[in-house]
Amino acid sequence: MFELLPLFNIVQNSFKPVGGEGFTFANFKEIFASDYYTLSIRNSLIIAVISSLVGLAIAVLSAYAIHQSSSKIRNGFVNVLNMTANFQGIQLAFAFIILLGNSGILVRLGQQTGLDFLANYNLYSSSGIMLTFVYFQIPLATLLLYPSFDAIKTEYKEAAQLLHASTFQFWLRVGLPLLLPSILGTFAVMFSNALAAYATPYALMGTNFSLLPIRISSMFTGDVVQQVELGSALSLILLVLMGVTTILSTRLLAKLRKDL
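Residues numbered from 1 in each chain as written. Predicted model: local features only at pLDDT ≥ 70, side-chain atom pairs only at ≥ 80, totals over all residues. Heavy atoms only, no water.

A few words on the overall build of the protein. When its secondary structure is counted, the protein shows 13 helices and zero strands. Overall, the protein shows an N-to-C arrangement of helices and strands of α-α-α-α-α-α-α-α-α-α-α-α-α. If you line up the protein on its principal axes, its C-alpha atoms span 75 × 55 × 30 Å. Within the protein, the fraction of its 260 residues that count as buried is 39%. Counting only contacts in the protein whose residues sit at least 6 apart along the sequence, the fraction spanning at least 24 positions is 68%. For the protein, the exposed area adds up to about 14900 Å²; of that, 65% sits on carbon and sulfur atoms. The average position of the 14 basic charges and that of the 11 acidic charges among the side chains of the protein differ by 9 Å. (Helix = DSSP H or I, 4+ residues; strand = E, 2+ residues; numbered from the N terminus. Buried < 20%, exposed > 50% of the residue type's maximum accessible area, 1.4 Å probe, protein only. Contact = heavy atoms within 4.5 Å. Areas by Shrake-Rupley, 256 points an atom, 1.4 Å probe, with all protein chains shown as cover. Lys, Arg positive; Asp, Glu negative; His and termini not counted. Charge placed at Lys NZ, Arg CZ, Asp CG, Glu CD.)

Take a look at the structure:
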């Protein structure tokens, strides 16, 4: 009930006229007719997809490296990943400001050593937001992926070698198909995680960068005017995007597991 009642309230408010009673689609029409709102949806989708793909690519390699390590090294890495996976929000933004802000340590180092890519780096931009998102995506994805490498047994590699398969052929025909359900499931989690992220981008740029969670928050916490109906409509759009991703990934996973 703690989840269903707020959800019902959001759905109900999203179809109400602003400041009135009744049923209307005017809130959704206003959202999709305004560049102010559609830009936030587009930015959120772009950042969620790119940060998930980049983080996933790095996480696959990291998970494989951890899986190949000794148990002592593996346990150490898992402990570090558990800490960094929860290092999000305001504390993550503050850490990046210290390192890459206008007077950050790495920026000052770049200015003194002549490294232009560091000296001129702008953390308060779309690339800065993307960097912070990729940072917190990698440990989460690695934690989710590394147990899936247990499915690739030594016997499979030995059988492939007996059949004179190259390493590339083994991973293409055996390794990746076995990992694909886990990869797709992890991508769905990462996408939802990035799509709903709020604290880190807000702490970095406030309302100066258009993201869907930031726009939703401004509708409910406006200093002058609160637009609960529009905020609820935006929240419903966010829920639909996350729900569609979850449904698609679930169906793909079911099909892949059936084929395997």
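As enumerated under the stated definition, the model contains 12 aromatic pairs in all. Between the aromatic rings of Y64 and F149, the centroid separation amounts to 5.6 Å while the plane-to-plane angle is 50°, which identifies the pairing as tilted. Residue Y64 is found in helix α3 (residues 35–68), and its partner F149 is found in the loop between α8 (126–145) and α9 (154–162); the two are separated by 85 residues along the sequence. Assessed through its relative accessible area of 30%, Y64 is described here as partly exposed. With 5.1 Å between their ring centres and 45° between their planes, F133 and F136 make a pair best called tilted. In this pair, F133 and F136 are both assigned in helix α8, three residues apart and thus about one turn of the helix distant. (Phe/Tyr/Trp six-rings, centres within 6.5 Å; stacked < 30°, edge-to-face > 60°.)

Turning our eyes to something else, we now look at the UniProt feature "transmembrane region" (unreviewed entry) in the protein. Listed under "transmembrane region" (unreviewed entry) in the UniProt record, and renumbered for this structure, are residues 45–66, 87–109, 129–149, 170–199 and 233–254. Across residues 87–109, helical content stands at 70% and strand content at 0%; the span's end C-alpha atoms are separated by 25 Å. Across residues 170–199, the secondary structure splits into 90% helix and 0% strand, with the terminal C-alpha atoms separated by 42 Å. (UniProt positions renumbered as here; feature names shortened; annotations may be inferred.)

This paragraph deals with the nonpolar core. Residues I31, I47, I129, F133 and L234 are the most contacted members of the largest nonpolar core, which totals 37 residues. For this core, the elements supplying multiple residues, two or more each, are α2 (26–33), α3, α5 (90–100), α8, α10 (167–195), α11 (199–205), α12 (212–220) and α13 (228–259). When residues no more than four places from it in sequence are discounted, the contact partners of I31 are Y37, T38, I41, L230, A233, L234 and I237. L81, A85, I183 and M190 belong to the second-largest nonpolar core, a separate cluster that totals 18 residues. (Core = buried A, V, L, I, M, F, W, Y, C linked by side-chain atoms within 4.5 Å.)

Moving on: the packing of α2 against α3. At a minimum axis distance of 5 Å, the contact between α2 and α3 shows a crossing angle of 75°. Comparing their axes, α3 and α2 come out roughly perpendicular. Contact residues: α2 offers E30, I31, F32 and A33, while α3 offers D35, Y37, T38 and I41. A breakdown of the residues in the contact of α2 with α3 according to their chemical character gives five nonpolar, one polar and two charged. (Axes fitted to C-alpha atoms, helices over the stretch in contact; angles between N-to-C directions. Parallel < 35°, antiparallel > 145°, perpendicular 65-115°, else oblique. Nonpolar A, V, L, I, M, F, W, Y, C, P; charged D, E, K, R; others polar.)

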